[in-house]
Amino acid sequence: MSRILNSMRDGVGFDLILVGAAMVFLVALAGLPLVYNVVMSFQQVDMFTLGSLVRPFAGFTNYVAVVQQPEFWLVTKNTLIFVFASMAGQFIIGFALALFFAQNFPGAATIRGLFLVSWVMPGLVVGGIWSFILAGDYGVLNAILKGLGLTQATIFWKSDPNFSLWSVVIANIWLGLAFNMLLLSVGLAAIPRDLYEAAELDGANAFQRFWTITLPMMRPTIGAVLSLGLIGTLQQFDLFPALTEGGPANTSNVAGYWAWQMSFQLYDFAKGATISVMMFVLVLFASVVYVRSTRHEVRG
Amino acid sequence: MNRPFVPWLLLALALALAAIYLFPLYWMYVTSLKTGSEIFANPPSFWPAAPDPSIYPNTWVRRTMGTFLWNSVVIASGVTAITVILGTGCAYVLARYRSAWIDIGLFAILMLQVLPASVMITPLFVGFNQIGLLNWPRTAVVLAAAAKSMPFFVVLVRATFMSVPRELEEAALVDGNSRVGAFFSIVLPLARNGILVCAILTFMSSFGEYIYSKSIIQDTALQPASVGLSGFLGPNSTDWNSIMAYSAIYVTPILAVFVLLQRRIVSGLTSGALK
């Protein structure tokens, strides 16, 4: 007994307690719910069986029912568009800004740091502000676009089915852009200066230097940033209730918000769990692809 | 060198870019000060004709923001406390050893970081309902949100512990300290700054937590400020100056803390997020 106590105070027992407490907590509140989610997706869940653990087994009926929902393919398409457009926008603009702020001028680091305020703001507030900016008749974005002569017509960003998804994409790009830029800046700062000087002596122009030095040297950073961007975009939820609530007619709905609507607006917890499982498989697939691709890179 | 004006040109361009990027924030403050008819003017005015700050106390009272913000503080404090207490020890152990088990643990934590809250909320809600935790809705939200924020915290704080030299801890052990003593008197004080920055980040993000609170807390008196805002925000909202005043009151403390600690937050993030 005293040996165990001693080990807790001054040995491996101490490490086991520290790591064990966190692991027990995470398993209880993240691991178990995940398993429970899969179980529920194969069960028949309604208001009568909500409180009991043992429910009628439903086989694949929930999955069939979800796929047969008329909006299923629309939501799938929207999810893919939302993820790829957000990631592309955040990454390209973020990379451009990171390259710009890597130049040597007074105040570069401080001004770059200010960009990060978008990242610490509550998502719902960001959605609210963009909801007003993107308003049709009195929105400031339309006024600016018209002032610049880019468009004549009034674009109803949130209520036009052709634009509703893009209004969320725009807000999401704004939200995640700064974090992308910051991480890419770290990667840029780690590239040795003399590589560029040597290339310049050899007569490489700016574009060639970017293509043959910056991009190859940044490869691990770019992989990490893209995977973090994918994670962040799949987790995005707050912007949807603030901007469009998935409407009009599900044209801006994505899997995460749809699952929540099923569970908490239609109280169909089985379908909500089923969509969650499908989305989790997507997330898992994406992270496995990421892990494999980085491993491949290290091996050369 | 022979073009001394170039840095200043770049600085001007940087300021212009920052102004464009931060325009939504400016728009929030300006809109909150506009009167009802000016908000719907087309084209919009970029400076309020008659600034009216009385909207702030009005919104505060009418939307019972005192209660909402207090609940946000309670929830964010609970989340931060659990995350820091459990996460710091876990990060320390993960930073101290290198073995296959540690790699598995790290991978598991990274996978947990990937889980979207919208995937977790359905099983959490049904599970909490079954064990009766929904009768203490704020506790339920704190537990759920702490599990959500802990992986990121562990990854960042682990990087901080990696930068504490092993030799210092070993010297303390040689001098007769126990593991517990060395941890609390040597390692923790050296990593204090990094832990503090990550704790502040955790607090900030859980201060704006929305999806768990919206789904779990039904009683208006217990809801946080994000749910209070969602009560009058949606695709068809019109009450824009009070929405913006509400948002301004809500985010100004976060923004102030961020601007004050900007340098530390940025360096804490950059050292951890990429390792």
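All figures in this text were calculated on a predicted structure; none of them were measured in a lab. (Residues numbered from 1 in each chain as written. Chains lettered and ligands numbered in written order. Predicted model: local features only at pLDDT ≥ 70, side-chain atom pairs only at ≥ 80, totals over all residues.)

> Got a minute to help me understand the overall build of chain B in this structure?
Helix and strand counts for chain B come out as 14 helices and zero strands. Along its sequence from the N terminus, chain B presents helices and strands in the succession α-α-α-α-α-α-α-α-α-α-α-α-α-α. Taking the principal axes of its C-alpha atoms as reference, chain B extends roughly 75 × 75 × 30 Å. Across the 275 residues that make up chain B, the buried fraction comes to 46%. Considering only contacts in chain B between residues 6 or more positions apart, those separated by 24 or more positions represent 74%. (Helix = DSSP H or I, 4+ residues; strand = E, 2+ residues; numbered from the N terminus. Buried ≥ 20, exposed ≤ 12 C-beta atoms within 10 Å, placed from the backbone. Contact = placed C-beta atoms within 7 Å.)

> What is the right way to look at the overall build of chain A in this model?
Across its full length, chain A carries 15 helices and zero strands. Radius of gyration (C-alpha) of chain A: 24 Å, far over the 19 Å computed for a compact globule of 300 residues. Principal axes of the C-alpha set define a box for chain A whose edges measure 75 × 70 × 35 Å. The buried share among the 300 residues of chain A stands at 40%. For chain A, restricting intrachain contacts to residue pairs at least 6 apart in sequence, the fraction spanning at least 24 positions comes to 69%. (Rg over C-alpha atoms; globule rule 2.2 N^0.38 Å.)

> What is the right way to look at unusual backbone geometry in this model?
Outside of glycine, negative phi angles account for most residues, and trans bonds account for most peptide bonds. Residues and elements named next belong to chain A. Even without a glycine there, the phi angle at Asn 250 is positive, about 65°. Structurally, Asn 250 is set in the loop between helix H13 (239-243) and helix H14 (255-264). For Tyr 267, which is not a glycine, the phi torsion comes out positive at approximately 55°. Note on placement: Tyr 267 falls in the loop between H14 and helix H15 (269-299).

> Got a minute to help me understand the packing of helix H4 (residues 72-101) of chain A against helix H12 (residues 219-235) of chain A in this structure?
For any two helices packed against each other, the geometry is given by the interaxial angle and the distance between the axes. Residue and element names in this part refer to chain A. Where H4 meets H12, the closest approach of the two axes is 10 Å, and the angle between their N-to-C directions is 135°. By the angle between their directions, the pair H4 and H12 is classed as oblique. Between H4 and H12 lies a crossing whose hand is right-handed. Contacts between H4 and H12 involve Phe 82, Val 83, Ser 86, Met 87, Gln 90 and Phe 91 from the former and Val 225, Leu 226, Gly 229, Leu 230, Thr 233 and Leu 234 from the latter. Of the residues assigned to the contact of H4 with H12, the class counts are eight nonpolar, four polar and no charged. (Axes fitted to C-alpha atoms, helices over the stretch in contact; angles between N-to-C directions. Parallel < 35°, antiparallel > 145°, perpendicular 65-115°, else oblique. Left-handed = near helix turned anticlockwise from the far one by under 90°. Nonpolar A, V, L, I, M, F, W, Y, C, P; charged D, E, K, R; others polar.)

> Help me understand the nonpolar core, please; the structure alone is not making it clear to me.
Within soluble globular proteins, side chains that are nonpolar generally end up buried alongside one another. Ranked by size, the top nonpolar core spans 155 residues in total, and within it Ala 171 of chain A together with Cys 90, Val 141, Ala 144, Ala 147 and Val 154 of chain B carry the most contacts. Excluding its chain neighbours within four sequence positions, the residues that come into contact with Val 141 of chain B are Ile 75, Tyr 212, Ser 213, Ile 216 and Ile 217 of chain B. (Core = buried A, V, L, I, M, F, W, Y, C linked by C-beta atoms within 7 Å.)

> Would you explain the interface of chain B and chain A in this entry?
Buried accessible area, meaning the area lost when the parts come together, often serves as the stated size of an interface. Facing the 78 residues of chain B at the interface are 80 residues of chain A. Looking at which element gives the most residues to the side of chain B that touches chain A, the answer is helix H14 (residues 240-272) of chain B, with 13 residues. The class makeup of the residues in the side of chain B that touches chain A is 56 nonpolar, 20 polar and two charged.

> Could you clarify how one ought to interpret the packing of helix H7 (residues 123-133) of chain A against helix H2 (residues 23-33) of chain B in this entry?
Between H7 of chain A and H2 of chain B, the least distance of the axes is 10 Å, while the angle of their chain directions is 80°. Between H7 of chain A and H2 of chain B, the crossing angle belongs to the class labelled roughly perpendicular. For the pair formed by H7 of chain A and H2 of chain B, the contact residues are Ile 129, Trp 130, Phe 132 and Ile 133 of chain A on the first element and Pro 24, Trp 27, Met 28 and Thr 31 of chain B on the second. Here the contact of H7 of chain A with H2 of chain B is built from residues that sort into seven nonpolar, one polar and no charged.

> What should I look at first to understand the environment of Ala 50 of chain B in this one?
Residues and elements named next belong to chain B. Its location among the elements puts Ala 50 in the loop between helix H3 (36-39) and helix H4 (55-62). Classification of Ala 50 as exposed rests on a count of 8 C-beta atoms within 10 Å. Here the alpha-carbon distance between Ala 50 and Thr 35, two residues 15 residues apart in the chain, equals 7.4 Å.

> Hey, could you run me through the confidence of the model for chain A in this one?
The predicted structure's coordinates, where accompanied by low pLDDT, should not be read in detail. Looking at chain A as a whole, its pLDDT mean stands at 85, while 95% of the residues score no less than 70. Across chain A, H4 of chain A holds the top mean pLDDT of 93, while helix H1 (residues 2-10) of chain A sits lowest at 71. (pLDDT = per-residue confidence, 0-100.)

> Just to check I follow, could you spell out helix H5 (residues 65-96) of chain B for this structure?
The α-helix advances 3.6 residues per turn, and as a result positions three or four apart in sequence lie on the same side. In a regular helix each residue adds 1.5 Å, so 32 residues correspond to 46 Å; H5 of chain B covers 45 Å between its end C-alpha atoms and thus fits that length. Its axis deflected by about 30° at Gly 87 of chain B, H5 of chain B carries its strongest bend there. (Expected span 1.5 Å × (residues − 1). Bend = angle between axes of the 7 residues up to and from the residue.)

> How should the environment of Gly 11 of chain A be read in this particular structure?
Along the chain, Gly 11 of chain A turns up in the loop between H1 and helix H2 (12-41). When the 14 C-beta atoms within 10 Å are taken as the criterion, Gly 11 of chain A is described as partly exposed. Residues within four places of Gly 11 of chain A in sequence aside, it is in contact with Asn 6 of chain A together with Arg 179 of chain B.

> I'm lost on the confidence of the model for chain B in this one. Help?
Residues and elements named next belong to chain B. Residue-level pLDDT values for chain B average 87, and 97% of them are 70 or greater. The lowest-confidence element of chain B is helix H6 (residues 100-114), averaging 81 in pLDDT; the highest-confidence one is H5, averaging 93. Confidence estimates for the predicted assembly give a pTM of 0.88 and an ipTM of 0.88.

> Can you walk me through the environment of Ala 65 of chain A in this structure?
All names here are of chain A. Here Ala 65 lies in helix H3 (residues 61-68). For Ala 65, a count of 15 C-beta atoms within 10 Å puts it in the partly exposed group. In this structure, the C-alpha to C-alpha distance between Ala 65 and Ala 198, residues 133 residues apart in sequence, is 62 Å.

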